[in-house]
Amino acid sequence: MNNISRFLIAFVLCIVYALLQALAFRWLVAFPFLQLMLDGVVNALFFIGLDFLLWKVVKYGNFETLEVYQRFINYTALGFLTITIWTGLSYASSFLVFGRENLEEATRMLPLKAFIAFLIYLLMVQFSRMWLFKAGTPQPIIDEETEEDLSKPDDIGTDEIQLLERIVVRTGQKINVVKVAEIVYFQAEGDYVRIFTDSDKFLKEETMKYFQLHLPESQFVRVHRSYLVNIVKILRIELYEKQNQQLTLSNGDKIKISTSGYKRLRERLSL
């Protein structure tokens, strides 16, 4: 989505929200409809800014890796903070939109505005969670790696490397011990790696290169810059769009692999 599309969507959302807010408040206060529309546009802009900050907090705060009760506490605290900030900004903007002399009447709208902010916050949280869940699933390949990108460094001797048998992942106050043999694949996510098993997934603060170095080379293959796959968990290798290959794994996920990754996989499987 380009910047023009984002601007148009934001513009439409502002107008729609301003119209709905003006219709909701026209019977509560005596302000002109256009003035209520202007107040709605200002409030919508505040929410767009808060939505951007909320997205960053949920994404980089790794809320989805926490226990249910911890997520509830975090989302509740974040909601209280969001609603308080938005209501405060709305009150402050009333000086400009309605004037100091009409501030008392404008204050009558705050309780309903706070309730509307609560409903919008719930929608924002659900949208952010769905977007993160979608982003966490395998995506089509955008770029192509070289063989060097997928290979292990040559300057580290095998005697110096201790292979992993299990991986410890902390999720909130809970510590999970994941056996390497149960892992289906790894997916790189910035400074983190998401670990997928047949029944669960975990987020670990580690690099993909580390796991590539400390896992059995005969069992795990780097099929793409973003994916390290357990070959025991591969169910099918099939053609996907011309010369691209796709893996179907034991947990049901399907990932696209690069040309270099497919070459390495063929070598490992002696195909």
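That block above? That's the structure.
Computed from a predicted model, the values in this text were never measured in an experiment.

### What to know about the pattern of salt bridges
- For the structure on display, the rule yields three salt bridges.
- Between Asp39 and Lys113 there is a salt bridge; the shortest N-O distance is 2.8 Å. Taken as a pair, Asp39 in helix α2 (residues 33-60) and Lys113 in helix α5 (residues 110-135) lie far apart in primary sequence, 74 residues in all. As far as burial versus exposure is concerned, Asp39 and Lys113 are alike and both buried.

### Looking at a nonpolar patch on the surface
- A surface patch of nonpolar side chains, amounting to about 950 Å² of accessible area, comprises Ile4, Phe7, Leu8, Phe11, Val12, Ile15, Val16, Leu19, Leu20 and Leu23.
- Here Val12 is to be found in helix α1 (residues 3-25).

### Quick word on the sheet that holds strand β8 (residues 234-240)
- Ordered by their spatial adjacency, three strands build an open sheet running β8-β9-β10, and the pairing between neighbours is antiparallel. At either margin of the open sheet sits one strand with a lone partner, and together these are β8 and β10 (254-257). Taking each pair of neighbouring strands and ignoring which way they run, the sheet shows an average axis angle of 25°.
- Relative to strand β9 (residues 244-249), β8 runs antiparallel, the two being bridged by six bridges. Across the sheet, the residue bridging to Ile234 is Leu249, located in β9.
- Those strands touched by helix α8 (residues 259-269) are β8, β9 and β10, and its axis lies near 135° from that of β8.

### Describing the sheet that holds strand β5 (residues 201-204)
- Strand order in the open sheet formed by five strands is β5-β4-β3-β7-β6, and the pairing between neighbours is antiparallel. Each end of this open sheet is capped by a strand with a single partner; those strands are β5 and β6 (220-224). Across the sheet, the mean angle separating the axes of adjacent strands is 20° when strand polarity is ignored.
- The pairing of strand β3 (residues 183-189) with strand β4 (residues 192-197) spans six bridges and is antiparallel. By the bridge assignment for β4, Ile183 is matched with Thr197.

### A closer look at the side chain of Gln245
- Relative to the elements of secondary structure, Gln245 occurs in strand β9.
- Accessibility expressed as a relative area gives 12% for Gln245, which makes it buried.
- The residues contacting Gln245, other than those within four sequence positions of it, are Ile237, Glu238, Leu239, Tyr240, Ile255, Lys256, Ile257 and Tyr262.

### A few points about the side chain of Arg222
- Checked against the element boundaries, Arg222 lands in strand β6.
- For Arg222, a relative accessible area of 7% translates into the label buried.
- Among the polar contacts made by the side chain of Arg222, one reaches the main-chain carbonyl oxygen of His224 at a distance of 3.2 Å.
- Polar contacts involving the side chain of Arg222 include one to the main-chain carbonyl oxygen of Arg225, which spans 2.7 Å.

### Remarks on the environment of Glu238
- Looking at the element boundaries, Glu238 is found in strand β8.
- The partly exposed category is assigned to Glu238, whose relative accessible area is 27%.
- As a C-alpha pair, Glu238 and Thr248 span ten residues in sequence and 8.1 Å in three-dimensional space.
- For Glu238, the residues in contact, after removing those within four places along its chain, are Asn244, Gln245, Gln246, Thr248 and Lys254.
- Only 3.3 Å separates the side chain of Glu238 from the side chain of Thr248, close enough to count as a polar contact.

Definitions and cut-offs
Every residue gets a number counted from 1 within its own chain, in the order that chain's sequence is written. pLDDT decides what is reported in this predicted model: residues at 70 or higher carry local features, side-chain atom pairs at 80 or more are listed and counted, and totals for whole chains, interfaces and linings draw on all residues regardless. Think of the side-chain values as coming from all heavy atoms in the structure, minus any hydrogens and water. Whenever Lys or Arg places a side-chain nitrogen within 4 Å of a carboxyl oxygen from Asp or Glu, that contact is recorded as a salt bridge. Secondary structure is summarised from DSSP: a helix means a run of H or I of at least four residues, a strand means a run of E of at least two, and numbering begins at the N terminus for each. Note on exposure labels: buried denotes an accessible area under 20% of the residue type's maximum, exposed denotes more than 50%, and partly exposed covers the range between, all computed with a 1.4 Å probe on protein chains only. Like-charged residues are merged into a patch within 9 Å and nonpolar side chains (Val, Leu, Ile, Met, Phe, Trp, Tyr) within 5 Å, provided each residue has over 30% relative accessible area and no salt bridge. In this description, accessible areas are obtained by the Shrake-Rupley approach with a 1.4 Å probe, and a residue is regarded as covered only by the protein chains that are shown. When DSSP finds two or more bridges between two strands, those strands count as paired. Axes here refer to lines fitted to C-alpha atoms; in helices the fit is confined to the stretch in contact. Angles between the N-to-C directions go from 0 to 180 degrees. Only heavy atoms enter the contact rule, under which two residues are in contact if any of them lie within 4.5 Å. The term polar contact refers here to a pair of N or O atoms within 3.5 Å; inside protein, the definition further demands a hydrogen-donor-capable atom paired with an acceptor-capable atom, and it admits residues adjacent in sequence only when both atoms are side-chain atoms.

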